[in-house]
Structures are given as C-alpha cells and as structure tokens.
Amino acid sequence: MTLLASALALTVMQAQPTRQVVQGTVTDDQQIPLPGVNVLVKGTMNGIVTDGTGAYRLDVSPEDILAFSFIGFEDQQIAVGNQTTINVVMKEESKDLGEVVVVGYGAQKKSLVTGAISSIKSDDIANSSSTRVEQALQGRTSGVTILPVSGSPGAGAKIRIRGTGTNGNSNPLYIVDGMKTSSIDNLDPNDIESIEVLKDAASAAIYGTEGANGVIIISTKKGKKGDGQISYDFQYGIQTVRTNMELMNAIEYAQYMKEQGATINFPANTGKGTNWLNEIFESAPMQKHHLSFTGGNERTSYLTSGSFTTQDGIVGGSRASYDRFTFRLNATHQMKKWMEVGNALSFSHSKRKSIGEDDEYRGILNNALLIDPITPVLYAKGTEPQKIKDLVNGVKTDGTIDEKERKTILTNEDGLYYALPLNVDGEIGNPVSLLQTYNNKITTDNLLSTFYAKISPIKGFNFTSRFGMDLSYVTDHSWSKVYYVSSERNNSSNTITDNLNKTFSWLWENFATYQFNLDQHNFTMLGGYSAQDYQHPNYYLYSGPMLMEGDAYAYHDHTTSREQDKVAGTIIENSMTSVFGRLSYNYANKYMFEGSLRQDAASEFPEDNKGAIFSSASLGWVVSQESFWNLEALDYLKLRASWGQNGSKSNLPGNEDISFVTTTDIFYPNPTGGYFSGARIDKLTNSSLVWEKSEQLDLGIDIRALGGKISFSADYYKKVTKDLIIRATPPLSGGAQANPFINGGDVTNSGFEFEAGFNQQFGDLKVTLNANLSTLKNEVTSLKSEAPIAGVNVRGYDLTWFEQGKPIWYFNGYKTAGINKADGLPNIVGKDGQIKARGTETAADLQMIGDPHPDFLYGASINLEYKQFDFSFFMQGTQGNDIYTAWYRPDRATSNKPKYFFDNRWTADNHNASMPKADGSSDLIYRSDLMVQDGSYLRIKQIQLGYQLPTDLISKVGITRSRIFVSLDDYFTFTNYKGLDPEAGSNNDQSQGIDRGVYPIPGKLMFGLSVNF
C-alpha cells in the first residue's frame, strides 16, 4: 500500500505544471525603460505592470505565453519555455503607411487609401486648452477651415471642408463611434482617439445625402487588455485680452467732433477720459479636470472617464461663463469566438451664460466701441448730474413729479450710479452697467450612445448590427432686469423667457463586410441598410411681471399676472432609409480601385423626389512598387484619383410638399362691427424640388522618403455644388406666405492642398515637424434667380450678396480710389472704373468691395523631445480674406471711432491722407471699402514646455508616468487688422467676415499636470 501511495503522489506531481519565476526589463528602441507596460499571461488574468524602471517579475509556467502591450507601441507575444529572464524591446506603432484610418463603415490601411483623408490623432490635441473639439482641430490639417463663432466661453465654431458650398448650412456630417450627430460640443478632447476628415466625394459618398459638406469621423478611446490604468489630467489657466485695438481718447474725440461740426459736452478735468476697452476686459480663470480608468483581459476591455471644465469670460466674467461635465463608458466583450458586442456611451451636462454680441446695435462690445470716451464709468457720490436725479425721482420737463415716470438707473455694488452716455444717444449705453442686464443660462443635457454586435461566422466575413441614439435637452432660460439708459434702450418690466428644445434621433445600421484573396488579388466588399429618424419639438414660454428681481424668482409660477403669458411651439420631424455598398480592390498592394453606391430616400423632399442615388469611384497606383523603381531616396510614391457625388438636405426643415394653414392674427370685419376669424396658407410648396448635390474631382499624390522620415501629400480638387437649395422670391401677388424652396444655382470651390512632415531621432533629441497649406477659390457659377439674392442686412442695407460670377456672400458697397484732396471725402469709383463726379454717386454704383473667403490657409507645428523635456510650437493662419467692420453707427454721428480715423484723417493742413475728414454719417465712408480691411493673420496657437518627472522618483508612490507643463495658447497674433480680433465670427451663415464688435479669442497662460497610475 505504501508503494502504491508513493506512486500515485509521484504521478500527481508530474501532472502538475512546473512553476517558475520570470523577470526582465521592458525598454523602447532607444533603451529607455518603459513604466506601465502591461505584462499578461495569455488567456489568463495573471499579469503585472512594469515599474518605474521598466522592470517586472511574474510567476509563470514553461507552457505560458507572455503578452506585452503599451499604448503607442506594437503588442508582442513571447513564449516562456525555460527562460527565467526575458528582456523586451517595444517597437513604436507605425505612424505612417501601416497606420489604419477609419473610413465609412470600416477601416483601411493608409497605404491602400485612394481618397483624400486627413487624420488627427489623440496626441495632436491632448495638450490643447480648447474646451471644444472644433477649436482643437484648427490648423491641424489642410483643406479644413475653422470659423470661431465667438471667443466667449463655450462658443462653437463652424467647420468648412474645402470651402463653403451652399448658401445656408455648410457644416459637415459628424460621425461619433458610428452614430450621426449634429454637434460635437458634448465631447471632451481627452476622450478622442482619432479624427478622420473625409474631404473628397469618393471618401464621403458612402454617406450619400449627408456627405456633400464633407464628413468628420471621430473615434473615442477604448480599453486595452491588461491591468487597470488610471489617468488624471489637470489644466489651469488665466485668460487675458490680446488685442492691440485703440479708440480715440477724450481729447482726440473732442477735436474730431469739433471738425465734424458736432456740439458736445466736455466737462473740465476730463483729461483723456475713459478707456472703455480697459473697463470691460478682465482677467478670467479657466480649469479642466479629466479622469479615466481603463483595463481588460483577453475577452473584455473597458474605458470609463469623466471630466469637468469651467471657464469665465474676459468680458462679463461669470455672466459669460461655461461649465461642462462629461461621462463616458466604452466597452467591448468577446461573447463567443465568433461574436463581439460593445457600446460607446457618453453623457454631458453643460451650462452656458452669455452676453450680447454679434449685434451692431445692442452688443456689449459694440457699445464699448461706440460710447464717447468723455462719459465716466460711475458718478462719484454727490456728483450725479441733475438729469440722473430727475430720472430717478420722476421729474417731468415741466418740473412736476410723476411716480409713473420714475426710472431705474443701474448701480454698482456700492450703490453708485453708472453714468449715462454724455454725447451719444439711441441704443448706445454704458457697457459696464449693461453687463448687469444679462441674466441667462443655456442648460444642455446630451446622451449619445452606440450599441453593436459583430458576428464573424466564417473567415473574412463580418456582419454588424449597430443601433445609435442622440438625445438632447436644451433649456434657454432668461429673465429681464428693469433699467433705463434712454428712450430707445430701457426695460420697464421684469419678465421671464424660456425656450425649450428637445431633439431625439435614432440610427439603425446593418452591414456586412467580406474580405477574400485570389492569389495577389485582394477584395473587400461591403453592403448594408440603414434607417434613421429625427424629431425636434420646441416650446416657447413667456410671462411677467416677476414678483422680485433675482434668479430665485425667475420662474413662471412667481409672476404676478397671467395677462402677459405666451405659449408657443412647433416640431420638426424627418426620416430616411438607405441602401449602400462598396467594393475595394487591390492587386499586390500596388493597383487599387474603390467604388461605392448609395440610395437614400428622405422625407424632407416632395413625394416624387424623395429618393436619390449617389456614386463614386477612385483609383490608386503605388508607383514605388514597380520593378522599374530605383530611387532609393523615395521609399514610397502613390498616385490617386477620385470622382464622386454627395448630397445635402441640411437646409431643409422638412415637409416641403405639404401646405399648412394658419389662422393666427387673421381677421376680417363682419356686418355687425365685429370680426370673423380668417385663414391663409402658411407656406408655398414646390413639388419639383430635387436633391442638392456636390460633385467633386480629386487628384492626389503621396510620397515618403528617407526611411519614412519625410512625408508629403498633395491634392487638387474641384467641387461643384449643383441644384443649390435656396428660398425663392415669388411675386408680391403671392401674399405673405413663406417662400418655397427651389433649386437655384451652382457653387464651385477649387484649390490645392499640401501636407508635409519630418521626423528624426538625433541621439537623445527627437524632432517632429508638420506643415499644411491649402488654397481656395469660391465662386457662384450659376444662379437661376432673375436677380442676385440679398443676404445679411447691416444698418438698414443689404451687405452680403449671392450673385453669379462672385464669391458666395461677398461684400457690396462703394468702391473708393483715395481721398479727394479738395473736400476730404472718398473718391467713388463707378462700375465702369471711372471716378464719379461729386454729387453724382448713386446706389447704382454699389459693387463688390470684399471677399470673406481666404485665398489660402496654413498651419505648422514643431515638436521636440530631449530626455525628459518636451517642447511644442503650433501656429495657424489665413491669407487673403476680407473683414467688413460693421459696428460703426453713421446714424449716431457722435459715436466714437478707432484712433486711426483721427491719426490718418484729412484736414485743411493734411491733404495727403488715407482716411477722410471728420465725418460721422456719410454713406460714402460707412458704406464703402473703407470699412473693409485685410483679415489675414498668423496666430501662435501654442508654445508649450513640458517635463516628465523621473520614474525612479514617482514609482515609489505607485505612479508610472507624470508630466507637468506650462503653455502660452493663442497668445500672439500677427495681423494688419485694426479691430478686436481678425477671426470675426458669427452664428449667421451669411455673415462670414462681418465684425459687429466681435468677442475676441483670449490669450491663455496655462499650467498642467498629467499623472498615470
């Protein structure tokens, strides 16, 4: 029995695997230790993370396989065998030809891409101080124009890919983790893994009707297998105004008004008066926190993150602020060997407060530019003028007192009255005091989610079913303060306004991909079906007066009367179904072809024209793969060509084949002296309306040289937007109905794009250089309307126009040829090119005086790494775009002017002047090209210095990586523009390049810390 027991024990011992300890060090190809590398026994949860010196130690068996993974490096797998020491050199992931770029419904190796696609990776925007993704994209890639709406906190930006192709909404289609969305303001830049910009029609044609303005595909970060990692990023900054704009001081203003013939008040001891720009601008803080957790094993990976951003404004402080919380949960799970499921879920909650801007009448910055510098900010105690006392006490012009005539003059926290304008009237008021009148808050809750299941039953075949939702609630809440500035700028009752908007869209896509090879012939086929629905109800609520002033009383239940109550609302609904397919082919990775076809049927169009087909084709030839290629310096040369069609329905609200009837405010008298209720058609329809289509040709070349150290790409494109959807101008006999939409013309954008890069390691110094340049020509090439179409109205006249042969929404006004030496007014040039005799100028002489579109755009970056230090420099700019300064008020002749109006003016002693004589109201000045300036600029977007703390120091407290940095963002701008900011923005698509008193983009002094555990 003893012998039997011994034999059994020996057998059991032999059956158990032998355990051993393996250890080693993980480094990069420069022998620098890599802390935080995941070392995992394949197929198990047994693993560890390398320490601060790159070392690891793990209990394993000889049959095990060790898997090494680290972000930014290629995964490695090494069999243990009888080894006890395994040192690993990690290789960086290919940054170039082997890189995979995301395309519609899939991904492709960059070397096989035949379209024009630019890619921005997470590292490119990781250290940006931008609170929004659109701003972080600026200058990063060719062919993409970012037009900031404003420099105020939380303000968005308009993105234009290869120019403005339509007279309305030209925003691209956004795809976030497979889900279509109308906005990306809910994304934190730190959550983004990559951004692909599909610029040519062939790349975007798979999205059919929504790809005419280009497509931006955003992929958020995912978890990786291995032990969990914690990352924390912190930024804190101080914002300041960086403008060089100067206005006339009180002395200059008084002289200018005297020469103009105006009578003004100029109290003794005024001196140089008030610098209103200094009074409204202030330093403002901003900060950002981002925390993420990632991890996973062989079957499941996850990433969860949260962020908080808060920013005050350099004008208005907390009254122009932005706060945002975001939360994200991304997960994937290998349910079966043949099935993967996953989700990308994000939620954001934001609050934005704003002040009046982009308004030539009532904007805060506009008023700061216009109010006379003689007016003080405040009246000292006991120095209030009699006018203030009379207004406060209700004293009438005849000396009697009327309680109903009492006015509320705004005061500061110490009870001192803010001064009323001394020498200007109308809507122009004291901008410091008027900041108090803005009491608003836009609260946005957004849920964006995608859920998918991918089945792979046989080799090379994948079927994906993906369902996405985009749900947004926006509450625009405000209440009005009682105040008095003038008879044209006052408010006598506290009222409450709420605009409630809910948008909900869902998208269900089902598509299959099959990849197979026949010898060196490689095929990838895609086919799919999608359905989507969009609903946008909105409601308007208004009531008053309030019980008391204050946020706590700004709710409709707290008003004291129901007589002012108003309730309104409407809804926009649309839906679409689509069938799509794509074939990708390459022979030996040398000759490439791709073709796509998509049919869309959208509810926005009339019944007979709801459907449309969009197609594309592209070719590629890798010349450097040919046997005759013998240029050793050039590693890679690829030629590309593509053609395609995309559609756009972004300018249609929907139901364009349905006429609605309204009875609102329609009455006609009856015989008894009362009124009958009437009705009329609310809008006219157009049953012949067809899809707006963008047709584009692209020719490109990609070059890599010196072992991938140098990269270069160039493209020529011509994009023609056909059957442009515009509002018709029917005869007056048509009545007051909303004008129908028609297909009104074509717009052509064309140009060249260049991107170049260089990267090289010089010992401990790593150098990376990148640059891009784009040219742009924009022209309306066809217009079916009998007359040009008017755009934006400024001070009572139409400034921008849509006209054949001209750039879209060009500036219209009087063209000048210097200052007339005899009378000091501009010489006006007629359309025949001849100078008009004084007094013969008419509206018939109005012509094109400016183009808001740049001739070219550029961006460049320098990144240096030396041991534990890193340095980055990034700049971007535009050239050739014009800005129209629309904040002047010729109807308020005594309003202030910029200093150069005074310094360069014509006088009796100075006939060789570049600016006219002192004149505050002449259309020959304020409706001429003297209001147009060169908007070209070069902006240093970032100068940043970083330092990674020594690993042997931080590893003692469990930290694998820690970096600190200091940065100057948007701090230096080089421009000849004399306004507040050359990036004059607007929410209005027809107002590009119009400066009504723009909120400038602040410069930022930033400090930051990044820590990984």
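Residues numbered from 1 in each chain as written. Predicted model: local features only at pLDDT ≥ 70, side-chain atom pairs only at ≥ 80, totals over all residues. Heavy atoms only, no water.

> Please explain the pairing of strand β51 (residues 856-866) as it appears in this structure.
Where strand β41 (residues 765-775) meets β51, eleven bridges bridge the pair, whose relative direction is antiparallel. Residue pairing for β51: threonine 775 is matched across the bridge by phenylalanine 856. Examined bridge by bridge, β51 and strand β52 (residues 869-879) share eleven bridges and lie antiparallel to one another. Within β52, the residue paired with leucine 864 across the bridge is phenylalanine 871. Counted along the chain from β51 to the antiparallel partner β52, the turn is two residues long, and its residue lysine 867 has a positive phi close to 55°. (Pairing = 2+ DSSP bridges. Helix = DSSP H or I, 4+ residues; strand = E, 2+ residues; numbered from the N terminus.)

> Explanation requested: the pairing of strand β16 (residues 215-220) in the structure shown.
In the case of a regular strand, side chains alternate between the two sheet surfaces. With six of six residues buried, β16 lies mostly within the body of the structure. Here β16 shows two buried faces, one formed by Val215, Ile217 and Ser219 and the other by Ile216, Ile218 and Thr220. (Buried < 20%, exposed > 50% of the residue type's maximum accessible area, 1.4 Å probe, protein only.)

> I keep staring at the domain arrangement of the chain and nothing clicks. Help me out?
The domain boundaries assigned to the chain delineate domain 1 (20-89), domain 2 (100-234) and domain 3 (653-688). Centre-to-centre, using C-alpha coordinates, domain 2 lies 44 Å away from domain 3. (Domains from an automatic or database assignment.)

> Please clarify how helix α5 (residues 250-260) should be interpreted in this entry.
Those residues of α5 lying buried are Ala250, Glu252, Tyr253, Tyr256 and Met257. The buried residues of α5 occupy an angular sector of 160° when the element is viewed end-on, so they sit on one face. Looking at the buried side of α5, the elements it contacts are α10 (899-903) and α11 (923-926). For α5, the N-terminal cap is asparagine 249; the gap from its side-chain oxygen to the backbone nitrogen of isoleucine 251 is 3.1 Å. Backbone geometry just downstream of α5 places glycine 261 in the positive-phi region, at approximately 95°. (Arc of directions from axis to C-beta. Contact = heavy atoms within 4.5 Å. Polar contact = N/O pair within 3.5 Å; in protein donor to acceptor, adjacent residues only side chain to side chain.)

> Explanation requested: the sheet that holds strand β54 (residues 932-934) in the structure shown.
Strand pairing in a sheet is mediated by backbone hydrogen bonds. Such pairs are either parallel or antiparallel. Taken in spatial order, the three strands line up as β54-β53-β57 in an open sheet, and their pairing is mixed. Strands with a single pairing partner mark the edges of an open sheet, and in this sheet they are β54 and β57 (994-995). As paired strands, strand β53 (residues 882-885) and β54 are joined by three bridges and run antiparallel to one another. Bridge assignment links aspartate 882 to a residue of β54, and that residue is aspartate 934.

> Could you clarify how one ought to interpret the UniProt feature "domain: TonB-dependent receptor plug" (unreviewed entry) in the chain in this entry?
Here the UniProt feature "domain: TonB-dependent receptor plug" (unreviewed entry) sits at residues 112-215. The distance from the first to the last C-alpha atom of residues 112-215 is 19 Å, and the span holds 12% helix and 29% strand. (UniProt positions renumbered as here; feature names shortened; annotations may be inferred.)

> Explain a nonpolar patch on the surface here, please?
Nonpolar side chains collect at one region of the surface, where Tyr236, Ile238, Tyr866, Phe869, Leu945, Val966, Leu1005 and Phe1007 lie side by side and expose about 670 Å² of accessible area between them. Of all the secondary structure elements, the ones that give two or more residues to the nonpolar patch are β17 (226-240) and β58 (1003-1012). Of note, tyrosine 866 is situated in strand β51. The exposure class assigned to tyrosine 866 is partly exposed, which follows from its relative accessible area of 42%. (Patch = residues over 30% accessible without salt bridge, like charges linked within 9 Å, V, L, I, M, F, W, Y side chains within 5 Å. Areas by Shrake-Rupley, 256 points an atom, 1.4 Å probe, with all protein chains shown as cover. Salt bridge = Lys/Arg side-chain N within 4 Å of Asp/Glu carboxyl O.)

> So what exactly am I meant to see when it comes to the pattern of salt bridges here?
If the charged atoms of two oppositely charged side chains come close together, the side chains can form a pair. Overall, the coordinates contain 48 salt bridges when judged by the stated rule. Of the charged contacts in the structure, one is a salt bridge between aspartate 425 and arginine 892, with a shortest N-O distance of 3.6 Å. Taken together, the positions of aspartate 425 in the loop between α8 (386-393) and α9 (431-434) and arginine 892 in the loop between β53 and α10 put the pair 467 residues apart, joining distant regions of the chain. Residue arginine 892 is classed as buried on the basis of its relative accessible area, which comes to 13%. A salt bridge links arginine 889 to glutamate 427; the nearest nitrogen and oxygen atoms lie 3.0 Å apart. Here arginine 889, found in the loop between β53 and α10, pairs with glutamate 427, found in the loop between α8 and α9; they are 462 residues apart in sequence, far enough to count as distant. Each member of the pair, arginine 889 as well as glutamate 427, is classed as buried.

> Is there a simple way to explain the nonpolar core in this structure?
One recurring pattern in soluble globular proteins is that nonpolar side chains are buried together. Among the nonpolar cores identified, the biggest contains 60 residues, and Val315, Tyr884 and Phe901 are the most heavily contacted of them. Sorting the residues of this core by element identifies α5, α6 (276-280), α7 (364-370), α9, β24 (483-486), α10 and α11 as the ones contributing at least two each. No other element matches the five residues that α7 contributes to this core. When near neighbours in sequence (up to four residues on either side) are disregarded, valine 315 contacts Ile280, Phe281, Ala320, Ile355, Ile364, Leu365, Leu435 and Tyr999. In terms of nonpolar packing, the next biggest core, distinct from the first, is built from 22 residues, Val133, Ile159, Ile161 and Val197 among them. (Core = buried A, V, L, I, M, F, W, Y, C linked by side-chain atoms within 4.5 Å.)

> Could you clarify how one ought to interpret the packing of aromatic side chains in this entry?
Two aromatic rings, taken as a pair, are described by how far apart their centres are and by the angle between their planes. Counted under the stated rule, the structure contains 26 aromatic pairs. Ring geometry for phenylalanine 605 and tryptophan 691: centres 4.3 Å apart, planes at 20°, overall stacked. Residue phenylalanine 605 is located in the loop between β29 (591-602) and β30 (611-622), and its partner tryptophan 691 is located in the loop between β35 (680-681) and β36 (692-705); the two are separated by 86 residues in the primary sequence. Each member of the pair, phenylalanine 605 together with tryptophan 691, is buried. Ring pairing ties together the aromatic residues Phe461, Tyr514, Phe516, Phe523 and Tyr585, which thus form one cluster. Across the ring face of phenylalanine 972, the terminal group of arginine 242 is positioned such that the distance to the ring centre comes to 5.7 Å. Geometry around phenylalanine 902 places arginine 905 over its ring, the cationic atom sitting 4.0 Å from the centre. (Phe/Tyr/Trp six-rings, centres within 6.5 Å; stacked < 30°, edge-to-face > 60°. Lys NZ or Arg CZ within 6 Å of the ring centre and 35° of its normal.)

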